[in-house]
Amino acid sequence: PGGAASSKAWAEMIAPRKPLIIRPGQGRNYDMGRMHAVFHADAAETGGRYSISEWWLEPRTSGVGTHSHDDDHIFYVLAGTLSLLINGEPAEAPRGSCVLIPSGDEHAFDNRGPMPCGFITVHAPAGSEQKMPDIVACFVNDPPHDVGGP
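Residues numbered from 1 in each chain as written. Predicted model: local features only at pLDDT ≥ 70, side-chain atom pairs only at ≥ 80, totals over all residues. Heavy atoms only, no water.

A.B. asks: I'm lost on the sheet that holds strand E1 (residues 28-31) in this one. Help?
C.D. replies: With antiparallel pairing, the six strands of this open sheet are ordered in space as E1-E2-E3-E10-E5-E8. Each end of this open sheet is capped by a strand with a single partner; those strands are E1 and strand E8 (98-101). Direction aside, the axes of adjacent strands within the sheet are offset by 20° on average. Two elements, strand E5 (residues 72-79) and E8, share four bridges in a ladder whose sense is antiparallel. Along E8, the bridge assignment pairs Phe 75 with Val 99. (Pairing = 2+ DSSP bridges. Helix = DSSP H or I, 4+ residues; strand = E, 2+ residues; numbered from the N terminus. Axes fitted to C-alpha atoms, helices over the stretch in contact; angles between N-to-C directions.)

See below:
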């Protein structure tokens, strides 16, 4: 098992990397109506180790529905309160919270609060960013909608 594909992945992970500063307005932007994401670094910049993105949801806005990843997922809440559903259990993560979701655990997020909610996400290892064009396309057909508040 493994072969050329895993040899290439291993080579990317051990390749020397350079420091990187992503300035405001840089990164890969994904507009999904009332939700917006900016990918600041992903597999190409991190040798496949992780991806890091910033997400913003307008007040009382639905986010990405229930899903899971093959990678670990970390949220750090910058503003507002992130409403989560993790393995069927609801939870609230106010500003300053860090949420760790192991690979395979089902989760969803919304902003049920009266103010914008922003958060940083880290996926380790990288790779989930490759799904962003499909995620954006889904939100073109079914845009984020109003959700009730607490």
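Next comes the rest of the account.
A.B. asks: For this particular structure, what's the right way to read the pairing of E1?
C.D. replies: On any regular strand, side chains alternate: one points to one face of the sheet, the next to the other face. Relative to strand E2 (residues 35-41), E1 runs antiparallel, the two sharing four bridges. Bridge pairing links Asp 31 to His 36 in E2. Hairpin remark: E1 followed by E2, antiparallel, with three residues in the connecting loop; positive phi at Gly 33, about 75°.

A.B. asks: Looking at this structure, I do not really get a nonpolar patch on the surface. What am I missing?
C.D. replies: Together, Trp 56, Tyr 76 and Leu 78 make up a nonpolar patch on the protein surface, roughly 250 Å² of accessible area in all. Mapped onto the elements of the fold, Tyr 76 is located in strand E5. A relative accessible area of 39% places Tyr 76 in the partly exposed class. (Patch = residues over 30% accessible without salt bridge, like charges linked within 9 Å, V, L, I, M, F, W, Y side chains within 5 Å. Areas by Shrake-Rupley, 256 points an atom, 1.4 Å probe, with all protein chains shown as cover. Salt bridge = Lys/Arg side-chain N within 4 Å of Asp/Glu carboxyl O. Buried < 20%, exposed > 50% of the residue type's maximum accessible area, 1.4 Å probe, protein only.)

A.B. asks: Hey, could you run me through helix H3 (residues 132-141) in this one?
C.D. replies: Structurally, the α-helix is built with 3.6 residues per turn, so residues lying three or four positions apart point the same way. Along H3, the residues classified as buried are Met 132, Val 136 and Phe 139. Within H3, the buried residues cover an arc of 60° as seen down the axis, which keeps them to one side. Facing away from the buried side of H3 by over 90 degrees, the exposed positions are Pro 133, Asp 134, Cys 138 and Asn 141. Taken together, the buried residues of H3 touch E1, E2 and strand E3 (51-57). (Arc of directions from axis to C-beta. Contact = heavy atoms within 4.5 Å.)

A.B. asks: Where do I start with the pattern of salt bridges in this structure?
C.D. replies: Pairing between side chains of opposite charge can happen when the charged atoms of each approach one another. Taken as a whole, this structure holds four salt bridges when the rule is applied. Here Arg 28 makes a salt bridge to Glu 45, at a shortest N to O gap of 3.2 Å. Note that Arg 28 is positioned in strand E1 and Glu 45 in helix H2 (residues 43-46), a separation of 17 residues in sequence. Its salt-bridge partner being Arg 112, residue Asp 110 comes within 3.3 Å of it at the nearest N-O pair. The class for Asp 110 is buried, based on a relative accessible area of 16%. Take Arg 112: its relative accessible area is 31%, and that puts it in the partly exposed class. Overlapping salt bridges bring together Arg 28, Asp 42 and Glu 45 as one network.

A.B. asks: Honestly, the sheet that holds strand E6 (residues 81-86) in this entry has me stumped. Any pointers?
C.D. replies: Sheet strands pair by backbone hydrogen bonding; their relative direction is either parallel or antiparallel. Pairing in this open sheet of four strands is antiparallel, and the strands run E4-E9-E6-E7 from one edge to the other. Of all the strands in the sheet, the pair left with one neighbour each is strand E4 (61-62) and strand E7 (89-94). Where E6 and E7 come together, six bridges link them in antiparallel fashion. In the strand pairing of E7, Ser 83 is matched with Glu 92.

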